[in-house]
Amino acid sequence: MSENLIQKTVEFVKDKLHGAEAGHDWFHIERVWKLSKKIAQTENCNAVVVELGALLHDIADPKFHDGDEELALNISRQFLENENVSEEIIAQVLLIIKNISFKNRSEVSEIPSIELQIVQDADRLDAIGAIGIARTFNFGGFKNNLMYHPDIPPVLDQSKEEYKKSTGTTINHFYEKLLLLKELMNTETGRKMAEERHLFMLSFLEQFYKEWNAV
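Here the structure is a predicted model, which is why all the values come from computation and not from measurement.

Draft legend 1. Quick peek at the side chain of aspartate 126. Take aspartate 126: it is sitting in the loop between helix 6 (114-125) and helix 7 (129-142). Within the local environment of aspartate 126, its side chain forms a polar contact with the side chain of arginine 31, the two groups lying 2.6 Å apart. With near-sequence residues (within four places) excluded, aspartate 126 lies in contact with His28, Arg31, Val32, Leu35, Ile131, Gly132, Arg135 and Arg197.

Structure follows, in structure tokens:
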């Protein structure tokens, strides 16, 4: 049953995200799914919850839906109920979707489940390193943000509302989010995988400033 359910979820997500912004499309979901499965192998967890959470975590990202944080929960619940998934599993999957976001990190009221921690690590890993850099510039272009401006400093310790409304430069996003993620990893596997990606971003920034300043 679980294999069939996972395959149906894959097909559902692929269809739902057809034509999505390239940093939040099916391929992002697929990478997070694969990373989640890899991390899950080193943890005592419910693998079905992990896979469903990974596949559905960005089914309706609020930033592409006028900030609506309920839409993804409603879409996921309807899909899972239609597939006769137990309420216990549905609740665990919705917990992941609700609490996975970086901007919501200070609002998590429930004790984070290991399944949430795994998918959160996988999602954060896809936000850093070479892929993370590519996604960041893709989204910055999508929003028509400046790549960099030497007179616009990053805004650190943003509130949730400030983060949602931010129109800062793409380079500033490294300091406002990406470079913070290594220290926010939940699992040992996630922490180890984040190290290399974090160092790659530091190397990229060093080269970026050299080229910007014609050094």
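Read on, since the account is not over.
Draft legend 2. Up close: the pattern of salt bridges. Scanning the entire structure with this criterion turns up 8 salt bridges. Residue arginine 77 pairs with glutamate 81 through a salt bridge whose shortest N-O separation is 2.9 Å. Here the residue arginine 77 and the residue glutamate 81 both occupy positions in helix 4 (residues 71-82), the gap between them amounting to 4 residues, near one helical turn. Note on arginine 77: relative accessible area 26%, which makes it partly exposed. For glutamate 81, a relative accessible area of 40% gives the class partly exposed. Across the salt bridge formed by lysine 182 and glutamate 183, the nearest N and O atoms sit 2.7 Å from each other.

Draft legend 3. Spotlight on the packing of aromatic side chains. Counted according to the given criterion, the structure contains 12 aromatic pairs. Pairing phenylalanine 12 with phenylalanine 79 gives two aromatic rings, centres 4.3 Å apart and planes at 15°, and the pair type is stacked. Of this pair, phenylalanine 12 sits in helix 1 (residues 2-16) while phenylalanine 79 sits in helix 4, placing them 67 residues apart in sequence. Using a relative accessible area of 22% as the deciding quantity, one classes phenylalanine 12 as partly exposed. Residue classification places phenylalanine 79 among the buried residues on the basis of a relative accessible area of 8%. Their ring planes at 70° and their centres at 5.9 Å tell us that phenylalanine 137 and phenylalanine 204 sit as a pair that is edge-to-face. Of this pair, phenylalanine 137 sits in helix 7 while phenylalanine 204 sits in helix 10 (residues 188-212), and the two are 67 residues apart along the sequence.

Definitions and cut-offs
Residues numbered from 1 in each chain as written. Predicted model: local features only at pLDDT ≥ 70, side-chain atom pairs only at ≥ 80, totals over all residues. Heavy atoms only, no water. Helix = DSSP H or I, 4+ residues; strand = E, 2+ residues; numbered from the N terminus. Polar contact = N/O pair within 3.5 Å; in protein donor to acceptor, adjacent residues only side chain to side chain. Contact = heavy atoms within 4.5 Å. Salt bridge = Lys/Arg side-chain N within 4 Å of Asp/Glu carboxyl O. Buried < 20%, exposed > 50% of the residue type's maximum accessible area, 1.4 Å probe, protein only. Phe/Tyr/Trp six-rings, centres within 6.5 Å; stacked < 30°, edge-to-face > 60°.

Function cannot be read off these values alone, since they describe shape.
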